[in-house]
Amino acid sequence: MTAPRTIGALAAVGIVALALTGCVAKSDVAASGALTVTSTDTSCDVSTGTAASGTLAFDVTNKGSQVTEFYLLAKDGLRIVGEVENIAPGTQRSLTVVAQPGDYFTLCKPGMVGEGVGRRAFTVSGEKVAASGADAAQKKQAVDLYASFVKDQVEQLLPRVKVFTAAYAAGDDAAARAQFPQVRSFYERIEPIAESLGDLDPKIDFRELDAVAEGIPWTGFHRIEKDLWVPARDAVNSDGSTPAWKDWSPSTPAERKTMGDGLEANVQQLYDYVHGADFTKALEGQGVAGLSNGAIGLLDEVAKSKITGEEDWWSGTDLYDFAANVEGSKLAFSLVKDFAVSQGASGKDLAARIDKGYTDLEAKLATYGSLEKGFPAYSTLSEADRRDLTNLINALAEPLSRLTSTILE
């Protein structure tokens, strides 16, 4: 990350657009009855993998030994259509959603951490369902689903950090290097949440020069990164002049243990925050404007440090962060897109331009790789490549900058 910026607590990632789906009152459930879900510590069995579009209810019974959650995810596996959490062993809770035609996934998350179990395709057929409900109710729903997305990302981040820091502390640098960019993707989609908590993001993700400038201890991902990619003796830092070894030396095994424990503790603090009442209050206070500003803020993250190659200076894994930031920004936009479209011809035009901007930028990123398959080192990109990426970012940033004012008209 770069030095601190003022970004609302909602900046980061989003969920599915409101016209696509939404939570509704249980009383609106169609007469066809609820779908049943049985969750255990290792499985997530849904009574059917298909349904007709409209209001669906999932009655989830937890037959496992841990508190669990149930998710209905969009086709991309990231956007949360609906989620019910805190289902204690031996109890039942229900999730009710309005599902549009399309492909989805269901899964359960025993222990409320990790990537979940029993992931299964779920298909909805039929006609598109018209959006309904008061504007205020739809906006609250957007915020609630955004909160679910953030929780899911942190729930996946925490166990991965533990595995990553264990490899680092044990001196298994090959494993830790392979995990580094993948683990960070979960954080990069929601980074502004940590930024809103004062010193938490600096502890987790400050670069060396920023920590020195702020006069604070340098800890977190990038401190570990430098241990994993030890620079040459004559290397310089990202400012182009500070010697890489100035006031720095590789961590001892004991120091590695301390660094790893510290990162894990700070991510645990983030986990505790997003599962607490203060997080909910912060989201509600910002409203959908915070989501819109989040889409803008995450694209700014790309423009300020990823496009220059300064973020992951020693590892060269900036394209992973770049892609995760773009994913988060696009998801935030998808959540508020319908509010822009509802503003008439100008809103529809703005949304179309933003859609095209994301499509073009993602297509260019795909020529280098993906988060799943990997990206090359950022240093392998030519000046022409970087210029093309910069132009695409600028082409998206201009209409995106007008999104918040449009949805609040």
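Shown above is the structure to which this text applies.
Participant: So what's going on with the pattern of salt bridges? Which residues, and what values?
Facilitator: Tallying each qualifying case throughout the model produces 26 salt bridges. Where aspartate 144 meets lysine 140, a salt bridge forms, and the shortest distance between an N and an O atom there is 2.9 Å. Of the two residues, aspartate 144 and lysine 140 are both situated in helix H1 (residues 135–169); the distance of 4 residues between them amounts to about one turn of the helix. On the basis of relative accessibility, which here comes to 35%, the residue aspartate 144 falls in the partly exposed class.

Participant: How would you explain the sheet that holds strand E6 (residues 68–74) if you had to name every residue and give the values?
Facilitator: Strand order in the open sheet formed by 5 strands is E4-E10-E9-E6-E7, with mixed pairing between adjacent strands. Because the sheet does not close on itself, it has two edges, and the strands there are strand E4 (50–52) and strand E7 (80–87). Neighbouring strand axes in the sheet, compared pairwise and without regard to direction, differ in orientation by 20 degrees on average. Here strand E9 (residues 102–108) runs beside strand E10 (residues 117–125); their pairing, made up of 6 bridges, is antiparallel. Pairing of aspartate 103 across the sheet is with threonine 123, part of E10.

Participant: Break down helix H7 (residues 253–274) for me, citing the residues and quoting the values.
Facilitator: Its 22 residues place the ends of H7 32 Å apart at the C-alpha level, agreeing with the 32 Å of an ideal helix rising 1.5 Å per residue. All buried positions along H7 are accounted for by Arg256, Met259, Gly260, Leu263, Asn266, Val267, Leu270, Tyr271, Tyr273 and Val274. Tucked into the core, H7 has its buried residues touching H1, helix H2 (173–188), helix H3 (191–195), helix H4 (200–205), helix H6 (221–228) and helix H8 (277–306).

The rules behind these values
Residues numbered from 1 in each chain as written. Predicted model: local features only at pLDDT ≥ 70, side-chain atom pairs only at ≥ 80, totals over all residues. Heavy atoms only, no water. Salt bridge = Lys/Arg side-chain N within 4 Å of Asp/Glu carboxyl O. Helix = DSSP H or I, 4+ residues; strand = E, 2+ residues; numbered from the N terminus. Buried < 20%, exposed > 50% of the residue type's maximum accessible area, 1.4 Å probe, protein only. Pairing = 2+ DSSP bridges. Axes fitted to C-alpha atoms, helices over the stretch in contact; angles between N-to-C directions. Expected span 1.5 Å × (residues − 1). Contact = heavy atoms within 4.5 Å.

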